[in-house]
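One-letter residues, chain by chain:
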Amino acid sequence: MAAARLHAQGQGKVRIALSISKDATGPHIPIDFVGLSYEVQQLADPSFFSAQNSGLIREFKALSSTGVLRLGGNTSEFAYWKPKPDSSEPEHPQVREVVGEPKAQYYAVTPEAVRNLAEFLQATGWNCIYGIGMGTNTPARAAEEAVFVDETLGDRLQYFQIGNEADLFDHHLRDPKTWSAKMYLEEWLALARAIAVRVPAAKFGMPDVASKASWLTEIADEWPSIQNPPHVTTLTHHYYFGGPATNPDVNIPNLLKPATMQKVQNTATIASAAAGKMSARVRMTEGNTCYRGGKPGVSDVFAAALWSADYSLLLASNDYSGVNLHGGTGKSVANSVGGSLPGDSLLEAKGETPEQIAAHPHPFYTPIATFGSDYALEPVAYGLKFAGSFSGGTLLKTEFSTKLQDTGVNATAYAAKLPDGHTSVIILNKDAATDLELELDFGRGARGVVQTETLHAPALDSREAHISTSTNTDSLKQGRCSVIVPHATGVRVTLS
Ligand code: BDP
């Protein structure tokens, strides 16, 4: 693998040559790498995840034919399992109401909702990571729910998650003076063991921290001392680039700059090391551009597509098993953060009319937006879909990103050997101004037809994204081809 900068061509365009190694020695990307995350509260309306919701099914399938739906979020701590229509509501512990966390409004999850969920998964071809509450739950109720979910979802259940962002429980659910990773692990074990007694084959992902990656390390270090530990397949964490919407630092240049991805890399290094100690993999189970529901003009525009493509591929190259971008209905996410979305206040303050505000997706970061009774794939989902084209493939070790960054252009690139044996390269030119002219060298003797696919929009702040396949195919010349990657554009080149 060698790359050389040819020469910079005046303003606005940089030429570079990249060689693509033939050795598929990088991480394998699971076929179900692509994922979405929804609030458990979404289940309060059993018709949402149901075989009848054809618009939502259509958008899930458009995003991926084999994804993973994760149910969790802040609202998962306020759900209670209601096995029978006449089951009474359990008593709930006292919690504190704080900014950014849900109000203490409890709701029921019923067998009907779980049955409908199973049919929805069947219709989409997706699997599920099912979130059971921890903050206000009991081991007995957790086990009851798990039995029903396991029986009903069958093979579509990938694993259980217990508790959402327990590293923030000191805010509203636990005593801040004593709450720690160690206490969390004790509580988690009590719930997981109760589930495992009733569902012996149960698998788990944990700890689903908001941001404290150090908890993964602490847990991995503690793990060998646990007798007969429950079967943990995945270590999980969340990620939001910044927030809330009122924070001026949440803007397009900051979202796309290399330093942002360097921080992602730092967390990935910590998480991967912890997972290695537990023979588990890492999954980023809930994340997006801007917490508390996203920021209009950042989360719902094309910049978010380039961000999600780059973010997902960076995690894939760190051996993550997948990425779940958070979203859902405006109501469920507003409830998850205390009842309203700061992004709406921002738009009102700017003088946008109710009609203009309604044209934004709610929440602003959602990958699949609800508009009236219909659904639409948002830019952030297009980026995930573009990266998801590598699902099932094996990454080729490259030094592309370093070589590209040496040119001063804000671009990254990844290459994979796809399940069908074809080699594919994704170049993400996040630069707002400079185009790239690449010479891709697939090696002497490489032959085949070159196909290109483009992730594009008129501008970084456009409320749209497209993935277009070029009808012009090219052939390699002496193992090489040239490709232009305009600024603010992604290109995928596949040799077939
Ligand atoms: C996460 C929560 C989720 C919220 C999201 C947000 O798990 O429920 O919807 O933040 O703030 O911390 O947007």
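Below you will find a few notes about this structure.

Definitions and limits used
- Residues numbered from 1 in each chain as written.
- Predicted model: local features only at pLDDT ≥ 70, side-chain atom pairs only at ≥ 80, totals over all residues.
- Heavy atoms only, no water.
- Helix = DSSP H or I, 4+ residues; strand = E, 2+ residues; numbered from the N terminus.
- Buried < 20%, exposed > 50% of the residue type's maximum accessible area, 1.4 Å probe, protein only.
- Polar contact = N/O pair within 3.5 Å; in protein donor to acceptor, adjacent residues only side chain to side chain.
- Contact = heavy atoms within 4.5 Å.
- Near = heavy atom within 4 Å.
- Areas by Shrake-Rupley, 256 points an atom, 1.4 Å probe, with all protein chains shown as cover.
- Nonpolar A, V, L, I, M, F, W, Y, C, P; charged D, E, K, R; others polar.
- Pairing = 2+ DSSP bridges.
- Axes fitted to C-alpha atoms, helices over the stretch in contact; angles between N-to-C directions.
- Expected span 1.5 Å × (residues − 1).
- Arc of directions from axis to C-beta.

### What to know about the side chain of Thr136
(1) Moving on: Tracing the chain through its elements places Thr136 in the loop between β7 (127-132) and α3 (139-153).
(2) Moving on: Judged by relative accessible area, which is 6%, Thr136 ranks as buried.
(3) Moving on: Looking at Thr136, its side chain comes within polar contact range of the main-chain oxygen of Glu77, at 2.6 Å.
(4) Moving on: Setting aside chain neighbours within four positions, we find Thr136 in contact with Glu77, Phe78, Pro93, Val95, Tyr106, Arg141 and Leu173.

### A short note on the site of the ligand
(1) Moving on: Neighbouring the ligand are 15 residues, the closest being Glu39, Asn74, Glu165, Arg292 and Tyr365.
(2) Moving on: Glu286 places a polar side-chain atom, nitrogen or oxygen, 2.8 Å from an oxygen atom of the ligand.
(3) Moving on: Between the ligand and Tyr365 there is a distance of 2.6 Å, counted from an oxygen atom to a side-chain nitrogen or oxygen.
(4) Moving on: A total of 320 Å² of accessible area belongs to the ligand in isolation, and the protein chains cover 94% of it.
(5) Moving on: Tallied by class, the residues present in the shell around the ligand amount to 5 nonpolar, 6 polar and 4 charged.

### Topic: the sheet that holds strand β4 (residues 68-72)
(1) Moving on: Within the closed barrel, the 8 strands sit side by side as β3-β4-β7-β8-β9-β10-β11-β12. Their pairing is parallel. Here the average twist between neighbouring strands, direction ignored, is 25°.
(2) Moving on: As paired elements, strand β9 (residues 203-209) and strand β10 (residues 231-242) share 6 bridges and run parallel to each other. The partner of Lys203 across the bridge, within β10, is His231.
(3) Moving on: Each of β3 (34-39) and β4 is contacted by helix α1 (residues 54-63), which is oriented at about 145° to β3, the strand it contacts most.
(4) Moving on: Its contacts with the sheet put helix α9 (residues 302-316) on β10, β11 (281-290) and β12 (320-327), and the angle it makes with β12 is roughly 150°.

### Thoughts on helix α8 (residues 258-277)
(1) Moving on: Over its 20 residues, α8 runs 29 Å from end to end, which matches the ideal 28 Å to within 8%, given 1.5 Å per residue.
(2) Moving on: Buried within α8 we find Thr260, Met261, Val264, Ala268, Ala271, Ala274 and Ala275. Buried residues of α8 fall within an arc of 140° about the axis and therefore sit on the same side. Turned more than 90 degrees off the buried face of α8, the exposed positions are Lys263 and Gly276.
(3) Moving on: In this structure, the buried side of α8 is in contact with α6 (214-222), β10, α7 (252-256), β11, α9 and β12.
(4) Moving on: At the C-terminal side of α8, Ser279 shows a positive phi close to 50°.

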